[in-house]
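# Structural characterization, general
The primary structure of each chain is shown beneath.
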Protein chains: 4
Amino acid sequence: MLTVRRLDIADARSILAGAARHAEEIGVPMCSAVVDEAGVLIAFERLDGGKVSSVGIAIDKAFTAGAARNTTAFYGDESRPGSPGWRIQGTNGGRFSTIAGGVPVVVDGQVVGGIGVSSGTADQDVEVAEAALAHFLREAGITPEA
Amino acid sequence: MLTVRRLDIADARSILAGAARHAEEIGVPMCSAVVDEAGVLIAFERLDGGKVSSVGIAIDKAFTAGAARNTTAFYGDESRPGSPGWRIQGTNGGRFSTIAGGVPVVVDGQVVGGIGVSSGTADQDVEVAEAALAHFLREAGITPEA
Amino acid sequence: MLTVRRLDIADARSILAGAARHAEEIGVPMCSAVVDEAGVLIAFERLDGGKVSSVGIAIDKAFTAGAARNTTAFYGDESRPGSPGWRIQGTNGGRFSTIAGGVPVVVDGQVVGGIGVSSGTADQDVEVAEAALAHFLREAGITPEA
Amino acid sequence: MLTVRRLDIADARSILAGAARHAEEIGVPMCSAVVDEAGVLIAFERLDGGKVSSVGIAIDKAFTAGAARNTTAFYGDESRPGSPGWRIQGTNGGRFSTIAGGVPVVVDGQVVGGIGVSSGTADQDVEVAEAALAHFLREAGITPEA
């Protein structure tokens, strides 16, 4: 039998609160999603004005970061034409995302969940996802990993 | 040009808080979803222990209640073999739900969103959805409609 | 943070060995699948002569038993016309199965995975799934739960 | 009437055992799938720690190698922009994979099945797939083909 750790609902609410706060600071109404280490959705918020088309993208980014255990930006680099992982986007029934804005949540060297943000530019999405992660780690008293 | 009213993120948070409170009271960890009047997801929470298979069901119930402007229990009745809505389940790319636990949010005679709850029995799902709606209306100072 | 227990690969191999042994005893070449508590596939076998159309059905039964935490036979009863869960089949992107032959794996009161079997009659599928579960529990020295 | 040769369950178990052994040697918990010459799944294993997002990718790589009778790396080359197979990825209901890590099993000049591996880098996936194939051929006393 395996024993695994994963984000709980209180962790997910902390992450969404961090995402909302940073999204408001930069003035971009985001869609933000939090999944557990199996890629299953725990919590989601679309701020007022968040794009309809970003609901699914945010959830897919979070799925990818949690289930494939790396940033979606990493998979974006890995999937350029000629790269080994080219065409990984769209696998998993279309849910594998290679668009920047998905980041795994790593605690004690283990991926315990994923965050996905969408509605701004790729840079804004990444910035909000990282701010949400930093906010959660700070609230939980966890030292960020490299 | 049309002007439409719809739930905002503060309303959705109030609904999810009401759902979580009632779910805890009855001891059933629920998946709860809130959509706007276009059926688009605003917010979602899976409480600790909520079923993996209920994530999509809760979102589909909310979609159906908001977009088709009636309870999913109503559509369940309407879709019995021989009834006029027979086979409406599964339309809309599989998202139309006829399982009880989806309720529309009605304000001033207009559907402004939908709530979907899943993880318990059908009766428990309906009870939590209605408690979430009542909690929101109370907090917002809105008189419930019949 | 949550801590959850789930089947590991050794557990899954034990379950598949138990399924294969019983399938051979009754002379029905089965498709058997094992998932973890999030419904994610760990291991699968189609014995020589197992039906092509049963590959997906076995995997879906296992998904449902693990993710929705009950037998697929239970959900079959719950989803008869007029019952509250009617039409739950086909949710979750078509993966929710209400065909008998899926059983959850319960240890210390927690669902840690699911087993799905398909290729025989419904009775044969259930029989093999239960034999596979019993074989695993016996090998692991775990007392079966009611 | 045609008579076709295809991998049986004993062959598939040998392939998965070879994959697991090599995966452990290089320290990468892999998802490995084996299909027959019709592309239909015979057996699958996700080792402890294998990525959730690799379950479907491994199965799709095996499907492609068995059904399209070449390595997925070959189809990756063939499907570069401007190449004749451009856009073949994603055909077959999304199951055609052009990500390296899928290899056909060839015996006496005939494709009798396919192997797909996913969870590591593309190079690691290919290495484990080839080690699994070599292990099977050695156990079965079959001389590898060029």
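Going by the structure above, here's the rest.
Residues numbered from 1 in each chain as written. Chains lettered and ligands numbered in written order. Predicted model: local features only at pLDDT ≥ 70, side-chain atom pairs only at ≥ 80, totals over all residues. Heavy atoms only, no water.

## Observations concerning the relation of the copies chain D and chain A
Rotating chain D by 90° and translating it 0.2 Å along the rotation axis places it on chain A, where the RMSD comes to 0.1 Å. Here the two chains are linked by the operation of a four-fold rotation axis. A share of only 17% of interface residues in chain D that are also interface residues in chain A marks the association as one of differing surfaces. (Least-squares fit on C-alpha atoms with pLDDT ≥ 70 in both. Contact = heavy atoms within 4.5 Å.)

## Topic: the side chain of N92 of chain C
Within the secondary structure, N92 of chain C is located in helix α4 (residues 91–94). Using a relative accessible area of 17% as the deciding quantity, one classes N92 of chain C as buried. Side-chain polar atoms of N92 of chain C contact the side chain of T91 of chain C, separated by 3.3 Å. For N92 of chain C, the residues in contact, after removing those within four places along its chain, are V52, S53 and I57 of chain B together with F63 of chain C. (Helix = DSSP H or I, 4+ residues; strand = E, 2+ residues; numbered from the N terminus. Buried < 20%, exposed > 50% of the residue type's maximum accessible area, 1.4 Å probe, protein only. Polar contact = N/O pair within 3.5 Å; in protein donor to acceptor, adjacent residues only side chain to side chain.)

## Quick word on the interface of chain D and chain A
One widely used convention gives an interface's size as the accessible area the parts lose upon coming together. Of the residues lining the interface, 18 residues belong to chain D; the matching set on chain A comes to 16 residues. Note on chain D versus chain A: buried area summed over both sides is about 1,300 Å², and carbon and sulfur give 59% of it. Remark: the boundary between chain D and chain A carries zero salt bridges. Across the chain D-chain A interface, the total number found is four residue pairs in polar contact (both at pLDDT 80 or more). Among the residues forming the side of chain D that touches chain A, the class breakdown is seven nonpolar, seven polar and four charged. (Buried area = accessible area lost by both parts, 1.4 Å probe. Salt bridge = Lys/Arg side-chain N within 4 Å of Asp/Glu carboxyl O. Nonpolar A, V, L, I, M, F, W, Y, C, P; charged D, E, K, R; others polar.)

## A look at the pairing of strand β4 (residues 110–118) of chain D
Residues and elements named next belong to chain D. A large share of β4 lies buried, amounting to eight of its nine residues. Where strand β1 (residues 31–36) meets β4, six bridges bridge the pair, whose relative direction is antiparallel. Bridge pairing links D36 to G113 in β4. Two elements, strand β3 (residues 102–107) and β4, share six bridges in a ladder whose sense is antiparallel. In the sheet register, V103 faces β4, and the bridge partner there is I115. Linking two consecutive strands that pair antiparallel, namely β3 and β4, is a turn of two residues; a positive phi of about 50° is found at D108 within it. (Pairing = 2+ DSSP bridges.)

## Considerations on the relation of the copies chain B and chain A
Aligned on chain A, chain B shows an RMSD of 0.1 Å; the corresponding rotation is 180° and the shift along the axis is 0.1 Å. What the superposition gives is, in effect, a two-fold axis relating one chain to the other. Among all residues of chain B, the minimum C-alpha distance to the rotation axis is found for F44 of chain B, at 2.5 Å. Taken as a fraction of all interface residues of chain B, those also at the interface in chain A reach 100%, which identifies the copy contact as same-surface.

## Here's the deal with the side chain of D36 of chain C
By the secondary structure assignment, D36 of chain C is in strand β2 (residues 31–36). You can call D36 of chain C buried: its relative accessible area is 1%. Apart from residues lying up to four places away in sequence, D36 of chain C is in contact with R6, I42, G66, V112, G113 and G114 of chain C together with R46 of chain D.

## Description of the interface of chain B and chain A
Between chain B and chain A, the contact holds 17 residues from the first and 17 residues from the second. Around 1,500 Å² of area is buried between chain B and chain A when both sides are counted, 51% of it from carbon and sulfur atoms. Along the contact surface separating chain B from chain A lie four salt bridges. Where R46 of chain B meets D36 of chain A, a salt bridge forms, and the shortest distance between an N and an O atom there is 3.0 Å. Summed over the shared surface of chain B and chain A, the number is 13 residue pairs in polar contact (both at pLDDT 80 or more). Going through the elements one at a time, α1 (9–26), β2 (41–46) and α2 (54–67) of chain B are the ones with two or more residues in the side of chain B that touches chain A. A per-element tally of the side of chain B that touches chain A places β2 of chain B first, with six residues. Looking at the side of chain B that touches chain A residue by residue, the class counts come to eleven nonpolar, no polar and six charged. For strand β3 (residues 41–46) of chain A and β2 of chain B, the ladder comprises three bridges, and the chain directions are antiparallel. Within β2 of chain B, the residue paired with F44 of chain A across the bridge is F44 of chain B.

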